[in-house]
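Chain by chain, the residues:
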Amino acid sequence: VAKPHSVLSPKPPALEIRGDSLVTTLASLNRVVHEPARLAILTVLASCETADFTFLETATGLTKGNLSVQLTRLEEASLIRIKKAAKKNRTITTAHIVDEGRYQLGRYWRQMEEIRGAKA
Amino acid sequence: MLNPQRLEFVTRHFRDLQTIRFAPVPVAMILAPDWHRMPHVSPSIARGMLVAFLLCVAGFYWWSTVAIRRRYGSVKVSREEALRMRRHPIIFALYVIPVAVFVARRTYFSDVYILSAIFIPMLMTILDSTNLASRRIAWAIGLVILFTAGPLFLDVEKGAATFALAGAVWLSLSVFDFLLLRRIFAEISNFPVAAPTEMAVRRG
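Residues numbered from 1 in each chain as written. Chains lettered and ligands numbered in written order. Predicted model: local features only at pLDDT ≥ 70, side-chain atom pairs only at ≥ 80, totals over all residues. Heavy atoms only, no water.

Draft legend 1. View of the overall build of chain A. Within chain A one finds seven helices and three strands. By the burial criterion, 38% of the 120 residues in chain A qualify as buried. Of the contacts formed within chain A by residues at least 6 apart in sequence, a portion of 52% connects residues at least 24 apart. Taken as a whole, chain A presents about 7,100 Å² of accessible surface, with 54% of it coming from carbon and sulfur. (Helix = DSSP H or I, 4+ residues; strand = E, 2+ residues; numbered from the N terminus. Buried < 20%, exposed > 50% of the residue type's maximum accessible area, 1.4 Å probe, protein only. Contact = heavy atoms within 4.5 Å. Areas by Shrake-Rupley, 256 points an atom, 1.4 Å probe, with all protein chains shown as cover.)

If you want it as structure tokens, here you go:
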């Protein structure tokens, strides 16, 4: 468990040392990407061309309802595109990441690296 | 907590981890030393047996593909990603060898071609940095066994022992890959998604 920062502590934590830049980085994190379920979905989609709903469900461990909601949010944010096709009385849902989504995911990991570097 | 590198690995190599769909082929190779003990049969019966075997291979492939798709879903990897390892300098250089043998001296071409067909795909898996270390090590062990013990069995049972060894290595690696796939998905179902900060730490 991390020791809480005391006012009398001679060395304040890195977050305060770096001041504005770190706070700015934290504040500029994309909230859509920063959510764990959506980050997992984007990580999967960034590693392939398309993935179907069943694979995303298995790979992320999300329930069908939650996955559906998160996919809709990502599509609304223009980070992914969802396609639905009918096949033998079944609807096959596939998703793929768009350029903006790939860019936002890369930017997010770079920001996280900066935060890690600042804390180290 | 789930490691994002594992998530990337399982997505990128989802199809590669399903070589178990060809299981009847290595099983038949393992049984190779017993083939010549079979009583002689007429060519028409032999052809019938071959057709039955090919149907068995195709049937198992179709059934396992459908079963895996229903259970785990499907992923389409981009053509660029599928061809990524072929552009590796070592792999590219190895592709040149059978071509050079074919052009210069065609006598040993079939031997060189068979060796390349086994060696290159195995080396692609070992050299691929996006693979998990455990998979790369397992495939490296398989390659070493095949190319060190294999030649020793060339004279046993008219080479059938080497064939059986190749089948055993192929089947073992297929089972290893499929168990790895199942284990990663089991880990995910136990720990659905990690906090982004935790994922960032594990990614680094």
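From this point on, the discussion continues.
Draft legend 2. Spotlight on the packing of helix H8 (residues 133-149) of chain B against helix H9 (residues 160-190) of chain B. Residue and element names in this part refer to chain B. At a closest axis distance of 10 Å, the pairing of H8 and H9 adopts a crossing angle of 175°. Between H8 and H9, the crossing angle belongs to the class labelled roughly antiparallel. The residues of H9 that touch H8, namely those facing Ser134, Arg135, Ala138, Trp139, Gly142, Ile145, Leu146 and Ala149, are Leu165, Ala166, Val169, Leu173, Phe176, Asp177 and Leu180. For the contact of H8 with H9, the class distribution of residues is 11 nonpolar, two polar and two charged. (Axes fitted to C-alpha atoms, helices over the stretch in contact; angles between N-to-C directions. Parallel < 35°, antiparallel > 145°, perpendicular 65-115°, else oblique. Nonpolar A, V, L, I, M, F, W, Y, C, P; charged D, E, K, R; others polar.)

Draft legend 3. Representation of helix H4 (residues 43-72) of chain B. The end-to-end C-alpha distance of H4 of chain B, which contains 30 residues, comes to 43 Å, matching closely the 44 Å that a straight helix rising 1.5 Å per residue would cover. Of the residues one or two after H4 of chain B, Gly73 of chain B is the one with positive phi, at around 90°. (Expected span 1.5 Å × (residues − 1).)

Draft legend 4. Quick peek at the nonpolar core. By size, the foremost hydrophobic cluster in this structure holds 48 residues, and its most contacted members are Leu56, Leu71 and Ile80 of chain A together with Phe185 of chain B. Once residues lying within four places of it in the same chain are set aside, the contact partners of Leu56 of chain A are Ile41, Val44, Leu45, Ala51, Gly61, Leu67, Leu71 and Ala95 of chain A. Within the second largest apolar cluster, 18 residues are counted, among which are Met29, Ile126, Leu146 and Leu173 of chain B. (Core = buried A, V, L, I, M, F, W, Y, C linked by side-chain atoms within 4.5 Å.)

Draft legend 5. Up close: a nonpolar patch on the surface. All names here are of chain B. On the surface, a nonpolar cluster with roughly 710 Å² of combined accessible area is contributed by Val27, Leu31, Trp35, Met38, Val41, Ile45, Met49 and Phe163. Mapped onto the fold, Trp35 is located in helix H3 (residues 32-35). The partly exposed category is assigned to Trp35, whose relative accessible area is 45%. (Patch = residues over 30% accessible without salt bridge, like charges linked within 9 Å, V, L, I, M, F, W, Y side chains within 5 Å. Salt bridge = Lys/Arg side-chain N within 4 Å of Asp/Glu carboxyl O.)

Draft legend 6. Molecular detail of the sheet that holds strand S1 (residues 50-52) of chain A. Read from one edge of the open sheet, four strands run S2(A)-S3(A)-S1(A)-S1(B), paired in antiparallel fashion. The open sheet has two free edges, formed respectively by strand S2 (80-87) of chain A together with strand S1 (75-76) of chain B, since each of these has just one partner strand. Summarising the sheet, S1 of chain A and S1 of chain B pair through two bridges and their orientation is antiparallel. Paired with Ala51 of chain A across the strands is Val75 of chain B, a residue of S1 of chain B. The sheet contacts of helix H4 (residues 36-46) of chain A involve S1, S2 and strand S3 (90-97) of chain A, and relative to S3 of chain A the element is tilted by about 85°. Along the sheet, helix H5 (residues 53-60) of chain A contacts S1 and S3 of chain A together with S1 of chain B; its crossing angle with S1 of chain A, the most-contacted strand, is approximately 85°. (Pairing = 2+ DSSP bridges.)

Draft legend 7. Structural view of the confidence of the model for chain B. Here chain B averages 86 in pLDDT, and 93% of its residues register 70 or above. The ipTM assigned to the predicted complex is 0.81, against a pTM of 0.80. (pLDDT = per-residue confidence, 0-100.)

Draft legend 8. Quick peek at the side chain of Asn30 of chain A. Residue and element names in this part refer to chain A. On the secondary structure map, Asn30 appears in the loop between helix H2 (20-27) and helix H3 (31-34). Here Gln104 takes part through its side chain, which lies 3.0 Å from a polar atom of the side chain of Asn30. Contact partners of Asn30, with chain neighbours within four places excluded, come to Gln104 and Gln111. (Polar contact = N/O pair within 3.5 Å; in protein donor to acceptor, adjacent residues only side chain to side chain.)

Draft legend 9. The arrangement of H5 of chain A in detail. Residues and elements named next belong to chain A. In terms of burial, H5 is largely enclosed, as six of its eight residues are buried. Those residues of H5 not exposed but buried are Phe53, Phe55, Leu56, Thr58, Ala59 and Thr60. Two residues or fewer past H5, Gly61 is found with a positive phi of approximately 75°.

Draft legend 10. Structural detail: the packing of H4 of chain A against H5 of chain A. Residue and element names in this part refer to chain A. Running from N to C, H4 and H5 point in directions that differ by 120°, and their axes come no closer than 10 Å. As judged from the angle between their axes, H4 and H5 are oblique. The hand of the H4/H5 crossing is right-handed. Where H4 abuts H5, its residues Ala40, Ile41, Val44 and Leu45 lie against Phe55, Leu56, Ala59 and Thr60. Split into classes, the residues belonging to the contact of H4 with H5 amount to seven nonpolar, one polar and no charged. (Left-handed = near helix turned anticlockwise from the far one by under 90°.)

Draft legend 11. Molecular detail of the pairing of S2 of chain A. Residues and elements named next belong to chain A. In terms of strand pairing, S2 meets S3 through eight bridges, oriented antiparallel. Pairing of Arg81 across the sheet is with His96, part of S3. Taking the residues between adjacent antiparallel strands as the criterion, S2 and S3 are bridged by two residues, where Lys88 takes a positive phi near 50°.

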